[in-house]
Amino acid sequence: MKRNTKTILMATLLFFSVAAMAQNTDNSSEFNAAESLLNSGSNLSIGGYAQIDFNQPVVDGERRNSTLDIHRLVLLFGYRFNEKTSFVSEIELEHVQEVYVEQAFMNHEFLPWLNLRGGLMLVPMGIQNEYHEPPTYNGVERTNLDSKIVPTTWREIGLGFAGRFDQASMKYQLYVMNGFNGYDGAGKFRGSDGFRKGRQKGAESFMSSPTVAARVDYYGIRGLKLGASTYLGKSQSSLYDGLDKDDDMALAQADSSVINIAMLGLDARYRNGGFEARGQFNVANVSNTAEYNDFTGADLGSQMLGWYLEAGYDVFHGIQNGQRLVPFVRYERYNTHAKTAGSLAENKSFDRTDVTIGAGWWLATGAVLKADYQFFDTAAGSAGGQFNMGIGIWF
């Protein structure tokens, strides 16, 4: 408990330390793929992004093969029906053979601060779940905090509102969505990566109860962007489908197959000249885990907690060649067993620390070469390391 409190205090201090560094520098607009399509002046917009990786695990006393992978190739299509109504889609091919729809939603603007959105949308939690195009972040691989806790890339079907108040330097998103599939004949959640296996991704999704996702961004301090996000609701279970409301035993069994999730995220991004930094903090409090674990045989924790802080510097800053070269370092701490309930003991191997050191060379705004080395450690002992190289494209 003391360790969790210390971690929360340290993460909060780091978050506000980044905020305190803000000085007078440009706070230029930043877009992800969906925003770029929505802001396009063309009726039909086409784009894409790609990530090609080389990964070499390094483990003491063992020989490991490297892997080379077209991790993802995503095609973007947007269509503007008129000045107010647009459609955005992303079609993703992962590892050459897996095809997913990453986004597919309609946006109608009543006013700049009131846009109605519906369809398959990204859950607005953290930085990388929305800004996941390879040239938008440092490092070959996405942060493990976002992979294990958020979990990136997290998208579900829903309906809600989004908009911006430029005079207040704020924008927001508020959606009602279907939740994680926690049980469909077998339990989906586990201690090693939390909710990740429960993402429904719009593929014949089912809903036994709705969830709420919300985010607010503030960009009123030049050079600094601050974000706060939340996700509230229950996981979904197939046991409620066709359930006799008078069958108390069946109802109790169905209730044991769901969990209650309350997730909070804070994030900050800062840029001043060639210097850039970002930080993120996430905590997910989960109830009914003892009942869920007993029913499904899972090892899901009752709290997941993580944070990271990253800094880099563009050594080409001030040189007018259209390129960027950014060495960076990132310290990342995340624990999917920050707390456990019932008879489940905390698994120390789920209390993880990653240090990533590397560089990215942006040959152009949307084309980057990356290389880094990651040191992995856990409360149970060292987990080795990994050398990565990659190519990132976005157009």
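Placed above this text is the structure.
Procedures and definitions
Residues numbered from 1 in each chain as written. Predicted model: local features only at pLDDT ≥ 70, side-chain atom pairs only at ≥ 80, totals over all residues. Heavy atoms only, no water. Helix = DSSP H or I, 4+ residues; strand = E, 2+ residues; numbered from the N terminus. Rg over C-alpha atoms; globule rule 2.2 N^0.38 Å. Buried < 20%, exposed > 50% of the residue type's maximum accessible area, 1.4 Å probe, protein only. Contact = heavy atoms within 4.5 Å. Areas by Shrake-Rupley, 256 points an atom, 1.4 Å probe, with all protein chains shown as cover. Lys, Arg positive; Asp, Glu negative; His and termini not counted. Charge placed at Lys NZ, Arg CZ, Asp CG, Glu CD. Salt bridge = Lys/Arg side-chain N within 4 Å of Asp/Glu carboxyl O. Core = buried A, V, L, I, M, F, W, Y, C linked by side-chain atoms within 4.5 Å. 1 Å grid on protein atoms, 1.4 Å probe; cavity = no way out; pocket = protein on both sides within 12 Å on 5 of 7 lines; lining within 4 Å. Points joined across faces, edges and corners; volume = space filled by probe spheres on them. Phe/Tyr/Trp six-rings, centres within 6.5 Å; stacked < 30°, edge-to-face > 60°. Polar contact = N/O pair within 3.5 Å; in protein donor to acceptor, adjacent residues only side chain to side chain. Patch = residues over 30% accessible without salt bridge, like charges linked within 9 Å, V, L, I, M, F, W, Y side chains within 5 Å.

Details of the overall build of the protein
Part 1 of the argument: In terms of regular secondary structure, the protein is built from 5 helices and 18 strands.
Part 2 of the argument: Against the compact-globule benchmark of 21 Å for 395 residues, the protein has a radius of gyration of 21 Å, which places it among compact chains.
Part 3 of the argument: Seen along its three principal axes, the alpha-carbon backbone of the protein occupies a region of about 70 × 60 × 45 Å.
Part 4 of the argument: Burial analysis of the protein (395 residues in total) assigns 48% to the buried set.
Part 5 of the argument: Within the protein, residue pairs in contact and separated by at least 24 positions form 63% of the contacts whose partners lie at least 6 positions apart.
Part 6 of the argument: Accessible surface for the protein amounts to roughly 18200 Å². Of this, 58% is attributable to carbon and sulfur atoms.
Part 7 of the argument: Distance between charge centres in the protein, computed from 35 positive and 43 negative side chains, equals 5 Å.

A closer look at the pattern of salt bridges
Part 1 of the argument: Evaluation of the coordinates by the stated rule reveals 17 salt bridges.
Part 2 of the argument: Each of Glu130, Arg215, Asp217 and Asp267 takes part in one network of salt bridges that share partners.

So, the nonpolar core
Part 1 of the argument: Among the nonpolar cores identified, the biggest contains 38 residues, and Trp154, Phe195, Tyr231 and Ile259 are the most heavily contacted of them.
Part 2 of the argument: Contributions of two or more residues to this core are made by helix H2 (33–38), strand E2 (67–80), strand E7 (170–177), strand E12 (260–272), strand E13 (275–287) and strand E14 (303–313).
Part 3 of the argument: Per-element tally for this core: the top contributor is H2, with 4 residues.
Part 4 of the argument: Not counting residues up to four positions away in its chain, the partners in contact with phenylalanine 195 are Ile149, Pro151, Phe180, Phe189, Ile259, Ile261, Met263, Ala284, Val286 and Met304.
Part 5 of the argument: Of all hydrophobic cores here, the second largest spans 5 residues; its members include Phe281, Leu305, Trp307 and Ala338.

Quick notes on empty space enclosed by the protein
Part 1 of the argument: Under the criterion given, the structure shown has 2 cavities of 30 Å³ or more.
Part 2 of the argument: Space inside the second largest cavity adds up to approximately 40 Å³.
Part 3 of the argument: In this structure, the second largest cavity is lined by Leu37, Ser42, Asn43, Ser45, Gly78, Tyr79, Arg80, Ser86, Phe87 and Val88.
Part 4 of the argument: Contributions of two or more residues to the lining of the second largest cavity are made by E2 and strand E3 (85–94).

With respect to the packing of aromatic side chains
Part 1 of the argument: Scanning the entire structure with this criterion turns up 15 aromatic pairs.
Part 2 of the argument: Residues tryptophan 113 and phenylalanine 165 carry aromatic rings whose centres are separated by 6.1 Å and whose planes lie at 20° to one another, so their mutual orientation is stacked. Placement of the pair is tryptophan 113 in the loop between strand E4 (98–111) and strand E5 (114–122) and phenylalanine 165 in strand E6 (residues 155–165), with a sequence separation of 52 residues.
Part 3 of the argument: Measuring from centroid to centroid gives 4.7 Å for tryptophan 154 and tyrosine 231, while their planes differ by 65°, and the two rings are edge-to-face. In this pair, tryptophan 154 sits in the loop between helix H3 (144–148) and E6 while tyrosine 231 sits in strand E10 (residues 224–234), placing the two residues 77 residues apart along the sequence.

With respect to the side chain of aspartate 53
Part 1 of the argument: With respect to the helices and strands, the residue aspartate 53 is situated in strand E1 (residues 44–58).
Part 2 of the argument: For aspartate 53, which is buried and forms no salt bridge, the nearest opposite charge comes from arginine 72, at a distance of 5.9 Å.
Part 3 of the argument: Within the structure, aspartate 53 has its side chain in polar contact with the side chain of glutamine 51 (distance 3.0 Å).
Part 4 of the argument: Ignoring anything within four residues of it in the chain, the contact list for aspartate 53 reads Thr67, Leu68, Asp69, His71, Val140, Glu141, Met389 and Gly390.

Quick look at a negative patch on the surface
Part 1 of the argument: Together, Asp244, Asp246, Asp247 and Asp248 make up a region of like negative charge exposed at the surface.
Part 2 of the argument: Examined against the element boundaries, aspartate 246 turns out to sit in the loop between strand E11 (236–237) and helix H4 (248–255).
Part 3 of the argument: Take aspartate 246: its relative accessible area is 68%, and that puts it in the exposed class.

Some words on unusual backbone geometry
Leave glycine aside and you will find that most residues have negative phi; peptide bonds, for their part, are mostly trans.
Part 1 of the argument: Between valine 150 and proline 151 the backbone carries a cis peptide bond, its omega angle lying at -10°.
Part 2 of the argument: With respect to the secondary-structure elements, proline 151 resides in the loop between H3 and E6.
Part 3 of the argument: Residue threonine 153 is reached from threonine 152 by a cis peptide bond, and omega for that bond is -15°.
Part 4 of the argument: Of note in the backbone geometry, histidine 95 takes a positive phi value of approximately 55° without being a glycine.
Part 5 of the argument: Relative to the helices and strands, histidine 95 resides in the loop between E3 and E4.
Part 6 of the argument: Looking at histidine 95, the relative accessible area reads 29%, which means it is partly exposed.
Part 7 of the argument: Despite not being glycine, asparagine 288 has its phi angle at roughly 70°, a positive value.
Part 8 of the argument: As for its position among the elements, asparagine 288 is in the loop between E13 and helix H5 (289–296).

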